[in-house]
Each structure stands twice: as C-alpha cells, then as structure tokens.
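So you can see what is in the structure, the chains are spelled out below.
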Amino acid sequence: MPTANLLLHPVRLRILRTLLGAGELTTAQLRDRMPDVPAASMYRHVAALAQADIIEVVHERPVRGTVERSYRVRQEQALVDEDARTTMTKDDHRNAFTVFTGALMSDFERYLAREDTEPAQEGVLYRQGAVWVTAEEFAALVDELEAVVARHTRTEPGDGRTRHIISLVLLPDKAAGTEMS
C-alpha cells in the first residue's frame, strides 16, 4: 500500500480529488482543472501516482507524435491503510492531517467561489457528533462507514447524479475525565 507521504502530498492529493468520481481524465484535462500547477509538476506527480498503482491508465491514443493517456483512480489503492498508519509518527500524522484539512478547506472555498452555489439547498453538511463505544463497537462503526462510502463510489456520472465529496475524520476524545469505567 502507498505511504502517507505519497498520497498526502498537496498536489498529488488534489490530483486524486479531481479524478475521484470524474471517471477518467487526461493529464491535459487535469491541467485545465488545476491551472496553478506547472505542467512539469503535473506530469511528475501523475507519473508517481501511476507508478504506485494509485491511478491507472484507462486509454492511450497517439496525439501529434506522443501518446495521450487517460487515467482513473484505483480507489482501493488511494488510501493510507492501517499498516501504513501504524508506522507514522505523531509528526507524520500532524502533517498528513494538515494537508488533508487544507485540501478540504480548498475544496469548500472553490465550491463557495462559484456564483451558482446554494449550500442549504445542495445539502452542504458539516458537523461533529460524539459516540461512546467499545473498541469492538468502534471497529464495527469504521467498517460500516467505509462500506457505505465504498458502495457509493462505484456509481458513475450521469442520470442526474451530482458529485459530492465525503470527508470523514474519526478522533478519540482523550480529554481528562471523559473515560468511563
């Protein structure tokens, strides 16, 4: 599985987020959607993701003496798995979370910057909730959440579907006095 450093690099994370649910895109189409990323950087990061099997080539076609490739995300590969997370230091987790939340804020700002957005009517939601669960119940909850998201990532654009980004953060609350015996 890929490392957090590979997946949570700011540009590579944006590439993955752009490809998620978009079907397939060429590097040129990615550059159109991310014009602030220099072409050389885009090609380098796409190559790194492809080499790690996080994205895959779907189509190739000759274009003016070169080969244009269309890519899509291999969603089962585009995550930092439990084994990788256990080897991360606290600083690694801090850095990964900073990149993750920065990308989340950037997505939200891009959404709000559009003239045609209507957050209340479009189901924009941000909330926190607390649950008291055992370790086993927590593991079951995580499995259930991952299964629900995975089930819906298999759908395709079209038929009136609108792409929604689902972000999830699970944190234990270890504040003094919150543990119950």
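Parameters at a glance
Residues numbered from 1 in each chain as written. Predicted model: local features only at pLDDT ≥ 70, side-chain atom pairs only at ≥ 80, totals over all residues. Heavy atoms only, no water. Helix = DSSP H or I, 4+ residues; strand = E, 2+ residues; numbered from the N terminus. Buried < 20%, exposed > 50% of the residue type's maximum accessible area, 1.4 Å probe, protein only. Contact = heavy atoms within 4.5 Å. Areas by Shrake-Rupley, 256 points an atom, 1.4 Å probe, with all protein chains shown as cover. Lys, Arg positive; Asp, Glu negative; His and termini not counted. Charge placed at Lys NZ, Arg CZ, Asp CG, Glu CD. Phe/Tyr/Trp six-rings, centres within 6.5 Å; stacked < 30°, edge-to-face > 60°. Polar contact = N/O pair within 3.5 Å; in protein donor to acceptor, adjacent residues only side chain to side chain. Pairing = 2+ DSSP bridges. Axes fitted to C-alpha atoms, helices over the stretch in contact; angles between N-to-C directions. Parallel < 35°, antiparallel > 145°, perpendicular 65-115°, else oblique. Left-handed = near helix turned anticlockwise from the far one by under 90°. Nonpolar A, V, L, I, M, F, W, Y, C, P; charged D, E, K, R; others polar. Patch = residues over 30% accessible without salt bridge, like charges linked within 9 Å, V, L, I, M, F, W, Y side chains within 5 Å. Salt bridge = Lys/Arg side-chain N within 4 Å of Asp/Glu carboxyl O.

A. Region of interest: the overall build of the chain. In terms of helices and strands, the chain carries seven helices and three strands. Ordered by position in the sequence, the α and β elements of the chain form the string α-α-β-α-α-β-β-α-α-α. Out of the 181 residues belonging to the chain, those deemed buried represent 23%. Across the chain, every contact between residues at least 6 apart in sequence was considered, and the portion connecting residues at least 24 apart equals 54%. Surface summary for the chain: the accessible area is close to 13500 Å², and the carbon and sulfur share equals 53%. Taking the average location of the 22 positive side-chain charges in the chain and that of its 28 negative ones, the two points are 6 Å from each other.

B. Highlighting the packing of aromatic side chains. Counted according to the given criterion, the structure contains three aromatic pairs. On the basis of an interplanar angle of 80 degrees and a centroid distance of 6.0 Å, the ring pair of F108 and Y126 is categorised as edge-to-face. Of this pair, F108 sits in helix α6 (residues 90–113) while Y126 sits in the loop between α6 and α7 (135–153); the two residues are 18 residues apart in sequence, bridging distant segments of the chain. A residue is classified by how much of its surface remains accessible, and F108, at 34% relative accessible area, is partly exposed. Through pairs of rings, three or more aromatic residues link up here, namely F108, Y111 and Y126.

C. Broad picture of the side chain of D107. Within the fold, D107 resides in helix α6. At 2.6 Å, the side chain of D107 and the side chain of R110 are in polar contact. Ignoring sequence-local partners within four residues, the contact set of D107 consists of R17 and I165.

D. Representation of unusual backbone geometry. Of note in the backbone geometry, D53 takes a positive phi value of approximately 60 degrees without being a glycine. Note on placement: D53 falls in the loop between α4 (39–51) and β2 (55–63). Positioned with a positive phi, R64 is a non-glycine residue whose angle comes to about 45 degrees.

E. Up close: the sheet that holds strand β1 (residues 25–26). Judged by pairing direction, the sheet is antiparallel, and its three strands sit side by side in the order β1-β3-β2 without closing on themselves. Only two strands of the sheet have a single partner each, and these edge strands are β1 and β2. With eight bridges connecting them, β2 and strand β3 (residues 66–73) associate as antiparallel partners. Bridge pairing in β3 links P62 to V67.

F. Seen up close, the packing of helix α2 (residues 10–19) against α6. For the pair α2 and α6, interaxial distance at closest approach is 10 Å and the crossing angle is 50 degrees. By the criterion of interaxial angle, the relationship of α2 to α6 is oblique. For α2 against α6, the interelement crossing comes out right-handed. Of the residues in α6, those touching α2 at P10, L13 and R17 are V99, F100, A103, L104 and D107. Taken together, the residues of the contact of α2 with α6 sort by class into six nonpolar, no polar and two charged.

G. Main features of a nonpolar patch on the surface. On the surface, a nonpolar cluster with roughly 420 Å² of combined accessible area is contributed by V131, V133, F138, L168 and L170. For V131, the position within the fold is in the loop between α6 and α7.

H. Summary view of α2. With eight of ten residues buried, α2 is to be regarded as a mostly interior element. Taken together, the buried positions of α2 are V11, R12, L13, I15, L16, R17, T18 and L19.

In short, the description is geometric, and any link to function would need to be established separately.
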